[in-house]
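Below, each chain spelled out in residue letters.
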Amino acid sequence: GINAEYGIFALLVPLMTSKQVLNIVKPVVTNRDINPAANSKFWLPLRGFTYFVKHPQLWPIVLVPLCCALVLDLVGVILLFALALKPQADAFNSIDGMPEAVGWLIAIILVLIEGLLLVVLITNIVFGHFEGKIFEKTMELEGVKIDDKSKCSDGFFFSFWMAVFRVILLIVTIPINLVPCIGTVAFCYINDLLYTWEMHDPFFGALGWTWQQQWDHISRQKSAYYSFGMGAMLLNIIPVANFLFAFTNNVGAAIWCANMYKEMEASAAAQAASTTPPATATETTPVVSLDV
C-alpha cells in the first residue's frame, strides 16, 4: 500500500541527529543505491525548464497564470520575510543554548518552506488546469497526444484527494526543517514521491489506470520517482522562481511520460510483430486512450 513510512519518518526526524537523517536520505542524494536511469531522472525537472525555454509553443499556455502567480508569490514572499522571519528567528533564539546564527538559519529555511506551501496551494487551487494543459502540450510536441480520462468523475475524485493529501503531508512534515539543511533534504525526500505521482496523473488517467495499477507501476521504479521528485522539490523551494518551476516540472514529467509511452508502444508492436505478419502503417500521432 501507500506506505506508513511517510508518517513514521515524519514523526521520527525531529528526534534524530543530523547524522541519522543523512544516513536515511544520503542514498537518494548520492544515487548510490539506484540505477543510472533513476539518476538521470534527478536532472529531468531542470531539462523541463530548458525544454520550456526552447519551445515557444508552450509559452502562451502559462503566460497569464505565470504573471499572476509571480505577482502573488512575490507579494507572499515579501510578506513572509517581513512579518514571519524575525518572529520565528526570535522564537528559536530564545531557546537556551541555541546559537543566534542557527536560529536565523532555521527561520529562513522555514520561510522558504512556507513559500513552497503557498506555491502548492495557489497552483493546485487556482492554476492546476494550466499545469495539465502544459503537460498535454509537451506530450503532443513529443509525438504523443493524450485523452485524459482523469477528467471523468472517478479520475477527478482521485486527483482531488491526491492534491489534498499532498498538502496535508507538506504541512505535517514542515517541522522536519528544524534540522538545518539535512532536515530540508529529508522534507523534500518525504514529499517528492507524491509530487511526481501527481504530475504523472494525466498520463495515468489517459491509460485508464486505477490507483492500484498506478501504485504497482510506481513501485517497480520507485527510485526513479524519488529522484525526479527530489530534483523538482529542490527547484520548488527557490523563492519567486518556484512558480515557474511548478510549471516546467510538469514539462519534465511529460517528457518522461512520452518516452514511457513510446517504449510501451514499441514493446507492444514488437510483440504483435512476432505473432502477426507486418502491415503497412501510416505515420500518425499516437493517442493514449482506451476508449472503446
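Residues numbered from 1 in each chain as written. Predicted model: local features only at pLDDT ≥ 70, side-chain atom pairs only at ≥ 80, totals over all residues. Heavy atoms only, no water.

Thoughts on a nonpolar patch on the surface
1) Next: Where nonpolar side chains cluster on the molecular surface, the patch consists of Val 71, Val 75, Leu 79 and Leu 83 and spans about 380 Å² of accessible area.
2) Next: Its location among the elements puts Val 75 in helix 5 (residues 59-93). (Patch = residues over 30% accessible without salt bridge, like charges linked within 9 Å, V, L, I, M, F, W, Y side chains within 5 Å. Areas by Shrake-Rupley, 256 points an atom, 1.4 Å probe, with all protein chains shown as cover. Salt bridge = Lys/Arg side-chain N within 4 Å of Asp/Glu carboxyl O. Helix = DSSP H or I, 4+ residues; strand = E, 2+ residues; numbered from the N terminus.)

A look at the packing of helix 5 against helix 12 (residues 242-273)
1) Next: Between helix 5 and helix 12, whose axes approach to 8 Å, the crossing angle comes to 145°. Residues Val 62, Pro 65, Leu 66, Ala 69, Leu 70 and Asp 73 of helix 5 pack against Asn 242, Phe 243, Leu 244 and Phe 247 of helix 12.
2) Next: Across the contact of helix 5 with helix 12, the residue classes break down as eight nonpolar, one polar and one charged. (Axes fitted to C-alpha atoms, helices over the stretch in contact; angles between N-to-C directions. Contact = heavy atoms within 4.5 Å. Nonpolar A, V, L, I, M, F, W, Y, C, P; charged D, E, K, R; others polar.)

Topic: the side chain of His 200
1) Next: Among the structural elements, His 200 can be located in helix 9 (residues 182-207).
2) Next: Using a relative accessible area of 0% as the deciding quantity, one classes His 200 as buried.
3) Next: Side chain to side chain, His 200 and Tyr 225 meet in a polar contact 2.9 Å long.
4) Next: Excluding anything up to four places from it in sequence, His 200 contacts Tyr 225, Ala 253, Trp 256, Cys 257 and Met 260. (Buried < 20%, exposed > 50% of the residue type's maximum accessible area, 1.4 Å probe, protein only. Polar contact = N/O pair within 3.5 Å; in protein donor to acceptor, adjacent residues only side chain to side chain.)

Brief notes about the packing of aromatic side chains
1) Next: Summed over the entire model, instances satisfying the criterion amount to eight aromatic pairs.
2) Next: An angle of 45° between the planes, with centres 4.7 Å apart, marks the rings of Tyr 225 and Trp 256 as tilted. Of the two residues, Tyr 225 is situated in helix 11 (residues 222-236) and Trp 256 in helix 12; the sequence distance between them amounts to 31 residues. Comparing Tyr 225 with Trp 256, the two get one shared label, buried.
3) Next: Pairwise contacts between aromatic rings join Phe 203, Phe 204 and Trp 209 into one cluster. (Phe/Tyr/Trp six-rings, centres within 6.5 Å; stacked < 30°, edge-to-face > 60°.)

Considerations on the confidence of the model for the protein chain
1) Next: In this model, the protein chain carries an average pLDDT of 78, and 75% of its residues clear a pLDDT of 70 or more.
2) Next: The secondary structure element of the protein chain with the lowest average pLDDT is helix 1 (residues 5-12), at 41, and the one with the highest is helix 4 (residues 44-54), at 95.
3) Next: Confidence drops under pLDDT 50 across residues 1-35; counting only partners more than four residues distant or on other chains, this segment forms 47 contacts. (pLDDT = per-residue confidence, 0-100.)

Comments concerning the nonpolar core
1) Next: In terms of nonpolar packing, the biggest core is built from 73 residues, with Phe 135, Met 139, Phe 187 and Phe 203 touching the most fellow members.
2) Next: A total of 14 residues in this core trace back to one element, the largest contributor, which is helix 9. (Core = buried A, V, L, I, M, F, W, Y, C linked by side-chain atoms within 4.5 Å.)

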